Amino acid sequence: GRAAPAAPPSMRLTPSAHALDVLEVWRRYCGLLDSTGRAERGRLYSALTERLLSAEGKMRHGLETVRVSGYVWIGGLEASLLSALARSGADVEIELRSPPEHNGRALASMEDAVKPARVVSIELPARPEPPRLVAAAGPTREAREVAREIKRLIVDEGVRPSKMCVASADSEGFVPLLLEALEEFGVPVTVSRKRMMIESSLVLDCFEVARLISAAGRPFDIMPLMSSPYVGLGPHRAGQIARDKIELRGLELSLARWRERLAADDSSGECDGQRYVELLAQALEQAEDARRASAGTRLAGHVEGFRAALTCLGMPHRIFTLEGSPGRAVEEWMAWAALHSLLLEIGHAQEVLDVSHGSAPSSGEGWAEFVSLLTFAAGRRSFSLDRPSPHGVEVMGLERAASSDHEFLFVSGLGEQMLPRRRRSPWMLQDGDLEALARAGVSLEPMGNGAEADRHMFNILAHSRAEKIYLTYATTQEDGSVARRSFFVDEHLTSLGLSEADEGEITRVVPASSVFPRQWSDVASKREVRMRSLWSIGRAGSADAACGLWRVAVEPEAVLWLSVLDRDFAEIAEAWHELQVLDGAGIEAANRFNGHIGCSELLRQMASIKLDARPWSANSLNQYIGCPFSFFCRYVLGIEPADSVGDDVDARDRGTCLHNIAKEFIESHIGEVLDPAKADEYAEEIHEIACDVVGRTPTERSGIPESVWNAYFAGIVAASRDFLARELEFVEATGGVWRPARLEWSFGPRVREFAVGECRVPVAGRIDRIDVGPGGALAIYDYKSGKKAPSSKEIKEVADIQLGLYALAAEHLLGAEVAGVWYWQVPSKGRTQGVWKAGYHRDFNAGRKWAGKLDDDEWRAFQERVREAVARCDQGARQGMYPPTPSEDACRYCDFPDICRATESAASDLPEEGGVEDV
Ligand code: SF4
């Protein structure tokens, strides 16, 4: 019937702000249920109890006698209601099944909870024989052992599956393992499978649409929506768009900005992404139109609007146009049906949106309230996944099993951590919150007197009328740590008077070494036959490795299986066996991963498609030098790791900004020697340039508030003066012998063709800055941001090839002597690392820096090392040599540790970020 209107919850303890929020949404949800004539059971009981108690026995409910039977235990809210009924004058009697020779504690506890109602004990008879115990190493073995015994009962003893029941104390951990094992063994199961609405990706995608509507024009990340197969373009197409156009995960933009972003490089408006944004905009418009046109309540208007948006995006008919198994479509349809009926319910509800606004809330606020109500309601609803078969083994929870009778009963998952169950209260709630919520009818303690209830329920199960009872538990956790069984099992065995020896008699121990059955008669599935056969081959192989005739010693069952019944698998098994033999003999087997590609046709195609298609660059050369496998991932496989919006200023945005400030300032002084006397004038100039550059710098990758961003870049503007200061100091120290001559000077196939060494390996690059100095000699600079640049030693030894490559290209293409190559660390460190000819030591004001000073022979050797490195990279790549080569420097910024086979374990030791960035 219709629920009584809820009295506002009285709160003796002050609840936290979070609990108040929960209560706020909870009240709206209850209002929603009330207005549709429904109520959650807990709240209904709570309201009825309050009314019965406040009427002090005068309430006319028409009940004279109330009898409660068949329940194993009465929960807290039910107990209060029965007690209130008894107080209001009804004759209330509750039957409680009790185990033989019980100590009366459960009875007393129940009497206390329901008084003045009566509790009558119905004592169960003692069982003629003790239970069987199964003690397995880990939940997986426990589940498989239960499934195996069930199959044995079916096959050997002819027991019908529907006569058996598995009652599990661990529905989350044990039941999925059991279902998997039963499926593998081909045993039919009766389990009503349900899924929470908020676990359905279809429902979640629909909610994402609701969130987009409630964002009311604010920036929003549409990529999750775009990748939805139900309301978007699907993951494949969205992935392509993300890679080709967005290149940034977590980006939040208004729809207008998304449109612009997706239109970049494609003004035709024909790209899927642009069309999708148009569709979203249309869906939002239709949502608002439908909301405004609705004649119902405000809630009904939002429901109409939300449904209109979903229809516009193609729901629900897209469910059946998607590829995939029909079973999945049916499951998705069930989720959609649950969402549909929830929306109907909300649409028919009376007004429950927050009326505290005074005036009507804005459209955005109204949508936000609707979304919070919708998601809250969905969080409490589930939907059925399929119809349970009536002929299978029943799998259920302990409570249900304790009130039903089966001939064979398995009570499983009896770990100490599972029984008695630990009642969890949400961590964010304080002590007062629980009471406040419970008084409002939010049932946080479903079984009332927790531990006593669980003990009673277990005892009822252990004394059930079943012909055979199995108590099963795991002796270890999945990770191998020790697990204890529930002390209820010990109490039960003690009550039966069983000695340790007796217990050994009735216990089947499944050790950790039990990976597959030792007896062929225990084999229960195709997978187990295969494992047993493989083991048989392996054992025969190790015993007879010398002659390799494994068929001779392999068990006959395995031979029959492999040579007659499962030929396909036999081929795999034989290959596996050969690998084992090779391994045993210390011979490196083919197919062991070493990063080398041996197929010449593949190499030929790879070279023509990948290596010939683009010249080498300093980055690709450095990547091959650092680790050929990471080069393979990036340049051959073409894996581009996704970029994402970070919660800090992005190092590349910062680098781009510093680079542009330096470039634009020097650009206005090309060919000039800076005059230290004009320092103030320059300072003003660079300040202006810095402000301008900062204003133009992209900020999408940096997910920080605008105020933080502004403060950060104010710092960069100030630091730009340091760049100027270092330049002027250099001019003073060197007597102004250098003049900037070229900026961003490119070489490569399309501009200035350049090939290195005898093999004529094509390379390309862009030099940030070239200065001209004494006798027309060149000074080459690359701007770096970040804390550290490659050292002079690394440059000299070509562990970092960039500057060496630039020196070769400039000398060759400009026909001038290169005096030195330097990393210029912007904004304030200046020329920190490099190599230079000894004759220009003073011209570079190198002072006590000796590591990069090279005499003519050393300079020639340096250039030769660069040529050799280029040739080595090119040949290695063409010969298919891509071994993973872990090193601190290479692995530190590697994008591929997840697919690297060399350093999976070492990846966690990688150093923190914060190194150099090429700008
Ligand atoms: S993690 Fe290290 S070894 Fe593996 S691919 Fe990356 S750089 Fe190479």
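Residues numbered from 1 in each chain as written. Predicted model: local features only at pLDDT ≥ 70, side-chain atom pairs only at ≥ 80, totals over all residues. Heavy atoms only, no water.

A. Inspection of the sheet that holds strand 12 (residues 507-510) at higher detail. Overall, parallel pairing links the 7 strands, which are arranged 6-9-5-10-11-4-12 in an open sheet. Each edge of the sheet is formed by a strand with only one pairing partner; in this case those strands are strand 6 (189-190) and strand 12. Sheet topology note: the strand 10 (residues 408-412)/strand 11 (residues 468-474) ladder contains 4 bridges and is parallel. From the neighbouring strand, Phe408 faces strand 11, where its bridge partner is Lys468. (Pairing = 2+ DSSP bridges. Helix = DSSP H or I, 4+ residues; strand = E, 2+ residues; numbered from the N terminus.)

B. Just helix 18 (residues 487-495), in detail. Among the residues of helix 18, those classed as buried are Phe488, Val489, His492 and Leu493. Each buried residue of helix 18 lies within a common arc of 135 degrees when the element is viewed along its axis, so the set occupies one face. Structural note: helix 18 exposes Thr494 and Ser495 on the side pointing more than 90 degrees away from its buried face. Backbone geometry just after helix 18 places Gly497 at a positive phi near 75 degrees. (Buried < 20%, exposed > 50% of the residue type's maximum accessible area, 1.4 Å probe, protein only. Arc of directions from axis to C-beta.)

C. Fine view of the packing of helix 11 (residues 272-293) against helix 12 (residues 298-312). The N-to-C vectors of helix 11 and helix 12 enclose an angle of 155 degrees; their axes lie 7 Å apart at closest approach. Here helix 12 runs roughly antiparallel to helix 11, going by the angle between their axes. Taken as a pair, helix 11 and helix 12 cross one another with a handedness that is right-handed. From helix 11, Leu279, Gln282, Ala283, Gln286, Ala287, Ala290 and Arg291 reach across to helix 12, where they touch Gly301, His302, Glu304, Gly305, Ala308, Ala309 and Cys312. Here the contact of helix 11 with helix 12 is composed, by residue class, of 7 nonpolar, 5 polar and 2 charged. (Axes fitted to C-alpha atoms, helices over the stretch in contact; angles between N-to-C directions. Parallel < 35°, antiparallel > 145°, perpendicular 65-115°, else oblique. Left-handed = near helix turned anticlockwise from the far one by under 90°. Contact = heavy atoms within 4.5 Å. Nonpolar A, V, L, I, M, F, W, Y, C, P; charged D, E, K, R; others polar.)

D. Structural context of the confidence of the model for the protein. Mean pLDDT over the protein: 84, with 87% of residues reaching 70 or higher. Throughout residues 1-13 the model reports pLDDT below 50, and contacts reaching past four residues in sequence, or to other chains, amount to 28 contacts. Segment residues 548-552 is flagged for pLDDT under 50; beyond a separation of four residues in sequence, or across chains, it makes 9 contacts in the model. (pLDDT = per-residue confidence, 0-100.)

E. View of a nonpolar patch on the surface. A cluster of nonpolar side chains, namely Phe320, Val330, Trp333 and Met334, defines an oily patch on the protein surface of about 370 Å² accessible area. For Val330, the position within the fold is in helix 13 (residues 326-348). (Patch = residues over 30% accessible without salt bridge, like charges linked within 9 Å, V, L, I, M, F, W, Y side chains within 5 Å. Areas by Shrake-Rupley, 256 points an atom, 1.4 Å probe, with all protein chains shown as cover. Salt bridge = Lys/Arg side-chain N within 4 Å of Asp/Glu carboxyl O.)

F. Focus on the pattern of salt bridges. Scanning all chains against the criterion turns up 51 salt bridges. Among the ionic pairs, Glu555 bridges to Arg532, the shortest N-O distance being 3.0 Å. A residue pair is termed long-range when its members are at least 10 positions apart, and Glu555 in the loop between helix 21 (550-553) and helix 22 (556-565) and Arg532 in helix 20 (residues 526-543) qualify at 23 residues. Across the pair, Arg532 and Glu555 agree in class, each one buried.

G. Region of interest: a negative patch on the surface. On the surface, Asp675, Asp680, Glu681, Glu684 and Glu688 cluster together to form a negatively charged patch. Structurally, the position occupied by Asp680 is in helix 28 (residues 679-696). The class of Asp680 is exposed, set by a relative accessible area of 66%. (Lys, Arg positive; Asp, Glu negative; His and termini not counted. Charge placed at Lys NZ, Arg CZ, Asp CG, Glu CD.)

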